[in-house]
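Inside the fold
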Amino acid sequence: MSRVYNFSAGPAVLPEEVLKEAADEMMDYRGCGMSVMEMSHRSRMFETIINEAEADLRDLMGIPDNYRVLFLQGGASQQFAMVPMNLMKNRVGDYIITGQWAKKAYQEAQLYGKANAVASSADKTFSYIPDVSDLPISEDADYVYICENNTIYGTKYKTLPNTKGKTLVADISSCFLSEPVDVEKYGLLFGGAQKNVGPAGVVIAIIREDLITEDVLPGTPTMLRYKTHADAASLYNTPPAYGIYICGKVFKWLKNRGGLAAMKEYNEKKANLLYDFLDNSKMFKGTVEKKDRSLMNVPFVTGDADLDALFVKEAKAAGLENLKGHRSVGGMRASIYNAMPMEGVETLVAFMKDFEARNGK
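So, here's what we can say about the structure. (Residues numbered from 1 in each chain as written. Predicted model: local features only at pLDDT ≥ 70, side-chain atom pairs only at ≥ 80, totals over all residues. Heavy atoms only, no water.)

Section: helix H7 (residues 259–280)
Note the following rule: Secondary structure elements follow DSSP: runs of H or I of four or more residues count as helices, runs of E of two or more count as strands, with numbering from the N terminus. One less than the residue count of a helix, multiplied by 1.5 Å, gives the span that helix is expected to have. Only protein chains enter the accessibility calculation, which uses a 1.4 Å probe; a residue whose area is less than 20% of its type maximum is buried, one above 50% is exposed, and one in between is partly exposed. Note on definitions: a residue-residue contact is assigned when non-hydrogen atoms from the two residues lie within 4.5 Å.
An ideal rise of 1.5 Å per residue puts 32 Å on 22 residues; H7 measures up with 32 Å between its terminal C-alpha atoms. Turning to H7, its buried residues number three or more, namely Gly259, Leu260, Met263, Asn267, Lys270, Ala271, Leu274, Tyr275, Phe277 and Leu278. Where H7 is buried, its residues meet helix H2 (44–61), helix H6 (241–256), strand S11 (285–286), strand S12 (297–301), strand S14 (332–335) and helix H9 (342–359).

Section: the packing of aromatic side chains
Under the convention used in this document: Each Phe, Tyr or Trp ring (for Trp, its six-membered ring) is paired with any other whose centre lies within 6.5 Å, and the angle between the two planes then decides the class: stacked below 30 degrees, edge-to-face above 60, tilted in between.
For the structure shown, the criterion picks out 15 aromatic pairs. An angle of 50° between the planes, with centres 6.1 Å apart, marks the rings of Phe277 and Phe284 as tilted. Here Phe277 and Phe284 have matching classes, each one buried. With centroids separated by 6.0 Å and ring planes inclined at 85°, the aromatic side chains of Phe300 and Phe311 adopt a geometry described as edge-to-face. Of this pair, Phe300 sits in strand S12 while Phe311 sits in helix H8 (residues 305–317); the two residues are eleven residues apart in sequence, bridging distant segments of the chain.

Some details on helix H3 (residues 75–87)
Owing to its 3.6 residues per turn, the α-helix brings residues three or four apart onto one side. Filter applied, for reference: At every residue, the bend is computed as the angle between two fitted axes, covering the seven residues ending there and the seven beginning there respectively.
Taking 1.5 Å per residue as the helical rise, H3 with its 13 residues ought to reach 18 Å, and the 18 Å between its terminal C-alpha atoms agrees with that figure. Maximal helix bending in H3 amounts to about 30°, located at Ala81; proline Pro84 follows within four positions. Among the 13 residues of H3, ten are classified as buried, and the element is accordingly described as predominantly covered. Where H3 is concerned, the buried positions are Ala76, Gln79, Phe80, Ala81, Met82, Val83, Pro84, Met85, Asn86 and Leu87.

Examining the nonpolar core
Selection rule: Nonpolar cores were defined as sets of buried Ala, Val, Leu, Ile, Met, Phe, Trp, Tyr and Cys residues, with membership established by side-chain atoms within 4.5 Å.
One finds Met61, Ile96, Leu177, Ile204, Ile206 and Phe251 to be the most contacted residues of the largest nonpolar core, which totals 54 residues. At ten residues, the largest contribution of residues to this core is made by H6. Ranked by size, the runner-up nonpolar core spans 34 residues in total, among them Tyr112, Phe126, Ala205 and Ile207.

A closer look at the sheet that holds S14
What counts is decided by this rule: At least two DSSP bridges between two strands are needed for those strands to be called paired.
With antiparallel pairing, three strands are arranged side by side in an open sheet as S11-S12-S14. The two strands at the open ends of the sheet, each matched to only one other strand, are S11 and S14. As judged from the two bridges shared by S11 and S12, these two strands associate in the antiparallel manner. When the sheet's bridge partners are listed, Gly286 is paired in S12 with Phe300.

Things to note about the sheet that holds strand S8 (residues 167–171)
What counts is decided by this rule: Only the stretch in contact is used when a helix axis is fitted, and all axes are lines through C-alpha atoms; the angle between N-to-C directions ranges over 0 to 180 degrees.
In space, the seven strands of this open sheet follow the order S2-S10-S9-S8-S5-S3-S4, with mixed pairing throughout. In this open sheet, the two strands that pair with only one neighbour each are strand S2 (67–72) and strand S4 (114–120). With direction set aside, neighbouring strand axes in the sheet form an average angle of 20°. In this structure, S8 lies alongside strand S9 (residues 188–192), joined through three bridges in parallel fashion. Looking at the pairing, Val169 lines up with Leu188 of S9. Its contacts with the sheet put H3 on S2, strand S3 (92–97), strand S5 (143–147), S8, S9 and strand S10 (203–208), and the angle it makes with S9 is roughly 155°.

Things to note about the pairing of S14
Here S14 shows a buried face lined by Met332 and Ala334 and a second buried face lined by Arg333 and Ser335. With four bridges connecting them, S12 and S14 associate as antiparallel partners. What sits directly across from Val298, in S14, is Ala334.

Digging into the packing of H8 against H9
Spelled out, the test is: Comment on the angle field: the value is read as roughly parallel under 35 degrees, roughly antiparallel over 145, roughly perpendicular from 65 to 115, and oblique elsewhere. In a left-handed crossing the near helix is turned counterclockwise from the far helix by less than a right angle, and in a right-handed crossing that turn is clockwise. Residue polarity is assigned by list, with Asp, Glu, Lys and Arg as charged and Ala, Val, Leu, Ile, Met, Phe, Trp, Tyr, Cys and Pro as nonpolar; anything else, Gly included, falls into the polar class.
One way to put it is that H8 packs onto H9 with a least axis distance of 11 Å and a crossing angle of 130°. Viewed along their axes, H8 and H9 adopt a mutual orientation that is oblique. Seen along the crossing, H8 lies across H9 with a hand that is right-handed. The residues of H9 that touch H8, namely those facing Leu307, Leu310, Phe311, Glu314 and Ala315, are Leu348, Phe351, Met352, Phe355, Arg358 and Asn359. Per-class residue counts for the contact of H8 with H9 are eight nonpolar, one polar and two charged.

A closer look at the environment of Gly303
Structurally, the position occupied by Gly303 is in the loop between S12 and H8. The exposure class of Gly303 is exposed, given its relative accessible area of 70%. For the pair Gly303 and Pro84, spaced 219 residues apart in sequence, the C-alpha to C-alpha distance is 40 Å.

Regarding the pairing of S10
With six of six residues buried, S10 is to be regarded as a mostly interior element. Every second residue of S10 is oriented toward a common face, with Val203, Ala205 and Ile207 on one face and Ile204, Ile206 and Arg208 on the other, all of them buried. Relative to S10, S2 runs antiparallel, the two being bridged by six bridges. Residue pairing across strands places Tyr67 opposite Arg208, the latter belonging to S10. The sheet contact formed by S9 and S10 spans five bridges and is antiparallel. Looking across to S10, one finds that Gly192 is bridged to Val203.

Given below as structure tokens:
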């Protein structure tokens, strides 16, 4: 069976080179006679794997020395609680609500202190990013929180919010490593690996050292303290070892492709091909304001639920998988992460043109 073009929002497509290399090493990793899946996380060999992964990530993102890289578990959703538990010194957090995941983080923060929704795009089904240039930031806010790329709704911050001196916290799960990033503009960035970096089971947090303290909310579990994991170099307990190994291979793949600047250029070409078709189609239309479009997640509709369902069915038969949109938006969604080749987007656009010719009025 040949591989399909997988447009899933996550777990998502991984580079074929990475999968093939991992397959070659599955039974015997570099002559040690065992798989990385079977390897002790305390072994010297795994120590090399995790250290190389961190070094390559630091190189890719230009992470300053005063930031720690933590390989964690629990997904981005666990970070919704870890952020307030660790950072809410005044018990106040300001949240910008641009989609389901920001909303869930906001709701979780309300369990630990006062969470303020300082801006929202809920009025138009999260189809845009609100103006964040002059927000009513709370004087006693411990941080300002955003979800930088909204997987479900296909929006992306092109300009970071003016936090008026407050620490910026960002969920970058679905735009992780898709373009260059100025890490110093954030106090904390985190992302689940399963969208653009690796397999499900790993979440990576990049946190400025001054935010890693013993001063956490009373009752914060040991495992939910950033300091616990920073002090133990992400090895306090058994980490998601095989997932980290795959992430490390993806980091090397990205470096071999020229790094994040080259990746952004490639991602723009892929996204522009699809958006240009949508903008000129009589049948299909995008659901996001042009200025806020994501390079990673592209939702679109026909305006007819039956036609949408037919499209998804026929696309699947043509080897174009996981194009059904999220239930809150409907229609279709193509997630075109780093590992989605240009050929996949070209095949999708060709199929859409054919579908429109056959079903258009």
